[in-house]
Structures are given as C-alpha cells and as structure tokens.
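If you want the building blocks of each chain, they are given just below.
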Amino acid sequence: MTDWVVVMLVTEGAALSAFVYYLDHKRQICLLEKGMTKEEAPDARLERRLLSGLFLLLTGIALMAFPRLARAAGLEVSPTFSLLIMGVLAFCAGLAMILGYCILKRRLPCLAD
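Residues numbered from 1 in each chain as written. Predicted model: local features only at pLDDT ≥ 70, side-chain atom pairs only at ≥ 80, totals over all residues. Heavy atoms only, no water.

A short note on the overall build of the protein
Reasoning step 1: Within the protein one finds three helices and zero strands.
Reasoning step 2: Looking at the 113 residues of the protein, the share that counts as buried comes to 15%.
Reasoning step 3: Working note: accessible area of the protein is about 9,000 Å², and carbon and sulfur atoms make up 69% of it. (Helix = DSSP H or I, 4+ residues; strand = E, 2+ residues; numbered from the N terminus. Buried < 20%, exposed > 50% of the residue type's maximum accessible area, 1.4 Å probe, protein only. Areas by Shrake-Rupley, 256 points an atom, 1.4 Å probe, with all protein chains shown as cover.)

Structural notes on helix α3 (residues 81–107)
Note: α-helices contain 3.6 residues per turn, so residues at a spacing of three or four share the same orientation.
Reasoning step 1: The end-to-end C-alpha distance of α3 is 39 Å, a good match for the 39 Å that 27 residues give at a rise of 1.5 Å each.
Reasoning step 2: Listed in full, the buried residues belonging to α3 are Leu83, Gly87, Ala90, Gly94, Ile98, Gly100 and Tyr101. (Expected span 1.5 Å × (residues − 1).)

Looking at the environment of Gly100
Reasoning step 1: Among the structural elements, Gly100 can be located in helix α3.
Reasoning step 2: In this structure Gly100 comes out as buried when scored by relative accessible area, which is 16%.
Reasoning step 3: It is 8.5 Å that separates the C-alpha atoms of Gly100 and Leu50, two residues lying 50 residues apart in sequence.

With respect to the pattern of salt bridges
Reasoning step 1: Applying the stated rule across the entire model yields one salt bridge.
Reasoning step 2: A salt bridge links Asp24 to Arg27; the nearest nitrogen and oxygen atoms lie 2.7 Å apart. With a gap of three residues between them, Asp24 and Arg27 both fall in helix α1 (residues 2–33), about one helical turn apart.
Reasoning step 3: Looking at Asp24, the relative accessible area reads 29%, which means it is partly exposed. (Salt bridge = Lys/Arg side-chain N within 4 Å of Asp/Glu carboxyl O.)

A look at a nonpolar patch on the surface
Reasoning step 1: A cluster of nonpolar side chains, Leu16, Phe19, Val20, Tyr22 and Leu23, forms an exposed patch at the surface whose accessible area comes to about 510 Å².
Reasoning step 2: Of note, Tyr22 is situated in helix α1. (Patch = residues over 30% accessible without salt bridge, like charges linked within 9 Å, V, L, I, M, F, W, Y side chains within 5 Å.)

So, the confidence of the model for the protein
Reasoning step 1: Looking at the protein, the pLDDT average stands at 80 and 83% of residues meet or exceed 70.
Reasoning step 2: For the protein, α1 is the element with the lowest average pLDDT, namely 76, and α3 is the one with the highest, namely 87. (pLDDT = per-residue confidence, 0-100.)

Structure representation (structure tokens):
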C-alpha cells in the first residue's frame, strides 16, 4: 500500500512541477515577444533558493518522522526502506540548498547586511 502512495505522489509531483515550469516558460516567451525582459534580482533568486531548501528540508523530515508518529498514534503503518531513502534525500537536498543560500549571501557584497 505504501509503495502505491509513494508512486502516486512522485508521479503527481513530477507532472505538477512540469506544468509550473511550462507556465513560467510561456510567461518568459510572452515577455520576450513584447520586447520586455525581466531579469531577476539576485536577492529574489536567493530568497527562492532559501524557500525551496526549507520546503525540501521539511518534506524530508516529514517523510522520515510521520510514519513513526502515526504508529505512536495507533495507526497501522508499514514504512518501507524506499520511503526512508526518499526522506533522507529530500532532507539532504534541502540542507544543501540552505547551505548554498548562506554561501551565496556572504559572497554577494550588495546583499550582505
């Protein structure tokens, strides 16, 4: 049962991500056709990196912790090894993005406080 839930979540997440990237690409093409270019400020890109890192970090924690919390609440849960690996990978990816944010924040003198 857990395997089907994981497969469905990954499939739906990949499709939704592809749709969001497609819409962003269409927006950029539309702006280019109108002759407008929108360059993102470095601080906006860093903020997006931080938010993405926090999202991945918390997703990894949830994937690793919630099966144990559900078991403690009396629900019958059988977490698989692949679910644990996905949680660890999401946690590490989020940690890497947050670390990248910290490094880039120090490297850009216009953003340093």
